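Here are the chains, one letter per residue:
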Amino acid sequence: MQSTKKPRYLTKSRFKQALDCPTKLYYTKKKEYVNNQQTDTFLESLAQGGFQVEELARMNYPNGIAILGDDWDYELLASKTQELLTQENVTIFEAAFLIDGLFIRVDILDKKGNNIQLIEVKAKSIKADEHDSFLNKKGQLSNGWTPYLYDVAFQKYVIQKCHPNWHIKAYLMLANKSAISTVDGLNQFFRISKKANLRTGIIKPDGLKLEDLGNPLVVKISVEEEVNLIQNTNPIDENKSFEELLNYFKNHYKEDIKIFTEIGKQCKACEFHTEPTETEKSGFHECWGAQLKITNSSINKPKVYDVSNFRKSDKLIAEGKYFMEEILENDIDIKPVAGKISPTERQWIQIEKVQLNDNTPYFELEGLRDELNSWEFPLNFIDFETSAVAIPFTKGRKPYEQLAFQYSHHIVYEDGRIEHASEYLNTQIGVFPNFDFIRVLKASLEVNAGSIFRYHAHENTIVNAIYKQLLASEEPDKDELITFIKSISHNTGNSAENWCGDRDMIDLWKVVKDYYYDPYTNGSNSIKAVLPAVLFSSNFLQNKYQKPLSAINVTSKNFEDAFVFLKLENEKPISPYKLLPPLFDGWDAEALDNAITEIEGISDGGAALTAYGKLQFEEVSSQEREAIEAGLLKYCELDTLAMVMIYEYFMEVIK
């Protein structure tokens, strides 16, 4: 009797999973293992434009033939490809190759006789006029590019195995950050749409031609040197040849044999980490339990890689130390700084509090008091929401150039009054908002001469980007706006000119790092971690923000007087962000932020960026647009109010 069991093939996606963590080959096909990083490809594409870049790349091959449908019928897809390859010259999109348990699909395959161009399209970007090689000076693969280059090497290997007589050249086609768009509304030519079965697609106008797109925004980069290095030396595992590595992964996947990946700092990002139940397994717990022979409760203890910004975690793990309770003081090499918490002191404070089961916050009190007393009232707290898309919305812009579409501004007066002073939101399709954004911000901040606060480097980075855009512009008030930018910022390493403004924004994130540590944050200094910590510790904040807005001497532009920012559950604060309505059905802001943090250039603000993308790319009813814009305004207002709450807590502490 013939077996009905479907054959298992090592595909591109499974190969990339195995490169990241070989154990994934086993977990991904077992439904009982919970995957916590399932991303909606539609929302992800709204954020990064991956499907748009691929469609833009295909426009360079107007006679290309796409193999569509039958995604899981590998034999049929390979058969369709072979039929097309009987032509002397042909370009195929999503060409499929199947041989000896290996299966790939190629973004673009250009065949001219036996000369083949294998082209892998990525939304990742490069400055083409500055690019020389993806190998560093030591001849090693450049950081960040290894998965992409191994992907191409895998594809070339499979194609060559199918067609030994072909002469194959491998390329990456990438967004070119050196190129400038010459067409307004280019993104509207490639509108992202959500299809059935969770598929994402692109809608193009009928008759669209390459010449309609203006200046090329993608660039084809040869990666032959890099692919040859991979296939000849397999730099990620010199104990196996590249072919042996492929066969190793293929055979384990085919036979359903788990590969145990050695424990390391990569485990922190394990997507199979959950609390085990009767129906759901935690791959993380199973992996650690099998290797260390310990119980699930022991596995849940704080790990060495949970220590904030700790670069010795792999070294300690190699020595057999897996948990914070095992770290000794001399493992840290503490280097104190007068009046502040140094990075190494912060690490030891975190470790010591775990070891002593001490959940109380720690302050460098005198330093914090001096810092707060140096600030000038009224205090201005600002937060920006920005976007950086692969295909620019307006001409004159480059791929992944920064767009500042929203800000919020709170003012704290010396008498304790808190005013939501101003805000800005521009989601208008086809409008470059940056110069209007900076004009409105200038008008708001110049109302007083008080200190200005941001949280982390983002706002300083953005005004530096707008400074460069203004330099290249013909705006009539550019000199005035540039002077303002310099007054509230300092130059980044990307600016040729040096400056530090009289009102250079104070980084509240740095204040947190220098003077405060709370075990409640688990070592994170993000505002989404610090806010619940201060709300948990502060009686003042709990008493104040459990009252309706109308009763707490705080004005708002987006919340009704009866709105309450803080609620407790089992005597613990619910993050105020969780009390806001989701921006999309089934996706709250926190889920969106977590889902797309791996996208190029995004470390926070993923929810706002995705919402902005939806309003730029997709047909949206006026009712839905109003709802999304209202949500954006609330989230951004809460970002600056969260900064105010942290400030209020610090004031409570120093008194």
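It should be emphasised that the depicted structure is a prediction, and the values quoted were computed from it without experimental measurement. (Residues numbered from 1 in each chain as written. Predicted model: local features only at pLDDT ≥ 70, side-chain atom pairs only at ≥ 80, totals over all residues. Heavy atoms only, no water.)

For the chain, per-residue confidence averages 91 on the pLDDT scale, and 93% of positions sit at 70 or higher. Residue range residues 597-603 is modelled with pLDDT below 50. Its contacts to residues more than four positions away, or to other chains, number 11 contacts. (pLDDT = per-residue confidence, 0-100. Contact = heavy atoms within 4.5 Å.)

Turning our eyes to something else, we now look at empty space enclosed by the protein. Summed over the entire model, instances satisfying the criterion amount to 1 cavity of 30 Å³ or more. Volume-wise, the largest cavity comes out at about 60 Å³. Contributing to the lining of the largest cavity are Val389, Pro392, Phe393, Thr394, Arg397, Lys398, Glu401 and Leu403. Here the residues of the lining of the largest cavity sort into 4 nonpolar, 1 polar and 3 charged. (1 Å grid on protein atoms, 1.4 Å probe; cavity = no way out; pocket = protein on both sides within 12 Å on 5 of 7 lines; lining within 4 Å. Points joined across faces, edges and corners; volume = space filled by probe spheres on them. Nonpolar A, V, L, I, M, F, W, Y, C, P; charged D, E, K, R; others polar.)

Another point: the side chain of glutamate 459. Structurally, glutamate 459 is set in helix H15 (residues 458-471). In this structure glutamate 459 is buried but unpaired, with arginine 454 as the nearest side chain of opposite charge at 5.9 Å. The residues contacting glutamate 459, other than those within four sequence positions of it, are Ile382, Asp383, Phe384, Arg454 and Met505. (Helix = DSSP H or I, 4+ residues; strand = E, 2+ residues; numbered from the N terminus. Buried < 20%, exposed > 50% of the residue type's maximum accessible area, 1.4 Å probe, protein only. Lys, Arg positive; Asp, Glu negative; His and termini not counted. Salt bridge = Lys/Arg side-chain N within 4 Å of Asp/Glu carboxyl O.)

Let us now look at the packing of aromatic side chains. Applying the stated criterion across every chain, the model contains 41 aromatic pairs. On the numbers, 5.3 Å between centres and 50° between planes, the contact of tyrosine 27 with phenylalanine 272 is tilted. Here tyrosine 27 is found in helix H2 (residues 24-27), whereas its partner phenylalanine 272 is found in the loop between helix H8 (242-254) and helix H9 (283-292), with 245 residues between them in sequence. One exposure class covers both tyrosine 27 and phenylalanine 272, and it is buried. Cation over ring: lysine 301 sits above phenylalanine 323, and NZ or CZ is 4.8 Å from the ring centre. Positioned above the aromatic ring of tyrosine 413, the side-chain terminus of arginine 417 is 4.1 Å from the ring centre. (Phe/Tyr/Trp six-rings, centres within 6.5 Å; stacked < 30°, edge-to-face > 60°. Lys NZ or Arg CZ within 6 Å of the ring centre and 35° of its normal.)

Quick look at the sheet that holds strand E14 (residues 452-454) now. The 5 strands lie next to each other as E13-E12-E11-E14-E15, forming an open sheet whose pairing is mixed. Taken across any chain shown, the strands that pair with only one partner, and hence form the sheet edges, are strand E13 (418-425) and strand E15 (506-507). Sheet topology places strand E12 (residues 403-412) next to E13; 7 bridges connect them, and they run antiparallel. For isoleucine 411, the partnering residue across the bridge sits in E13 and is glutamate 419. Of the strands in this sheet, strand E11 (379-387), E12 and E14 are in contact with H15, which crosses E11 at around 65°. (Pairing = 2+ DSSP bridges. Axes fitted to C-alpha atoms, helices over the stretch in contact; angles between N-to-C directions.)

This part is about the pattern of salt bridges. If you walk through the whole model with that rule in mind, you get 37 salt bridges. The residue arginine 58 makes a salt bridge to glutamate 54 at a minimum N-O spacing of 3.3 Å. A residue pair is termed a helical-turn pair when its members lie 3 or 4 positions apart in one helix, as arginine 58 and glutamate 54 do in helix H4 (residues 50-58) at 4 residues. The same class applies to arginine 58 and to glutamate 54, which are both buried. A salt bridge links lysine 335 to aspartate 333, with the nearest nitrogen and oxygen atoms 4.0 Å apart. Overall, lysine 335 belongs to the exposed group, its relative accessible area being 55%. Residues participating in the shared-partner salt-bridge network are Lys12, Lys16, Glu120, Lys122 and Asp151.

Right, let's talk about helix H16 (residues 478-488) for a bit. Every buried residue of H16 is listed here: Lys478, Leu481, Ile482, Phe484, Ile485 and Ile488. Down the axis of H16, the sector holding all buried residues measures 160°, keeping them to one side. With respect to the buried face of H16, the exposed residues turned more than 90 degrees away are Asp479 and Thr483. On the buried face of H16, the contacting elements are helix H14 (434-445), E14 and H15. (Arc of directions from axis to C-beta.)

What follows is about the packing of helix H6 (residues 146-162) against helix H7 (residues 224-233). Axis separation between H6 and H7 bottoms out at 9 Å; the angle between their running directions is 75°. On the basis of their axis angle, the class for H6 and H7 is roughly perpendicular. Packed against H6, whose contacting residues are Leu149, Tyr150, Val152, Ala153, Lys156 and Tyr157, the element H7 presents Glu224, Glu226, Val227, Asn228, Ile230 and Gln231 at the interface. (Parallel < 35°, antiparallel > 145°, perpendicular 65-115°, else oblique.)

Here the focus is helix H21 (residues 606-617). In an α-helix there are 3.6 residues to a turn, and that puts residues three or four apart on one side. With 12 residues, H21 should cover 16 Å at 1.5 Å per step; its first-to-last C-alpha distance of 16 Å lies within 8% of that length. Judged by how many residues are buried, H21 sits mostly within the fold: 12 of 12 residues are covered. The set of residues buried in H21 consists of Gly606, Ala607, Ala608, Leu609, Thr610, Ala611, Tyr612, Gly613, Lys614, Leu615, Gln616 and Phe617. (Expected span 1.5 Å × (residues − 1).)

Moving on, we get to the nonpolar core. Judged by nonpolar contacts, the single largest core of 109 residues is most densely connected at Leu441, Tyr545 and Phe650. Take this core: its biggest share by element is 14 residues, from helix H22 (residues 622-654). When neighbours within four sequence positions are excluded, leucine 441 is seen to be in contact with Ile382, Phe384, Tyr407, Phe484 and Ile488. Among the nonpolar cores identified, the runner-up in size contains 51 residues, and Val90, Leu141, Trp166 and Leu246 belong to it. (Core = buried A, V, L, I, M, F, W, Y, C linked by side-chain atoms within 4.5 Å.)

Take threonine 640: it is sitting in helix H22. For threonine 640, a relative accessible area of 0% corresponds to the buried category. Reaching out from threonine 640, the side chain makes a polar contact with the backbone oxygen of glutamate 637 at a distance of 3.1 Å. Residues within four places of threonine 640 in sequence aside, it is in contact with Phe381, Ile382, Asp383, Ser408, His409 and His410. (Polar contact = N/O pair within 3.5 Å; in protein donor to acceptor, adjacent residues only side chain to side chain.)

Let us look at the packing of H6 against H8. The geometry of H6 relative to H8 is characterised by a closest axis approach of 12 Å and an angle of 90° between their N-to-C directions. With respect to H8, the element H6 is oriented roughly perpendicular. Facing H6, whose interface residues are Tyr150, Ala153, Phe154, Tyr157 and Lys161, H8 presents Phe242, Glu243, Leu245 and Leu246. Split into classes, the residues belonging to the contact of H6 with H8 amount to 7 nonpolar, no polar and 2 charged.

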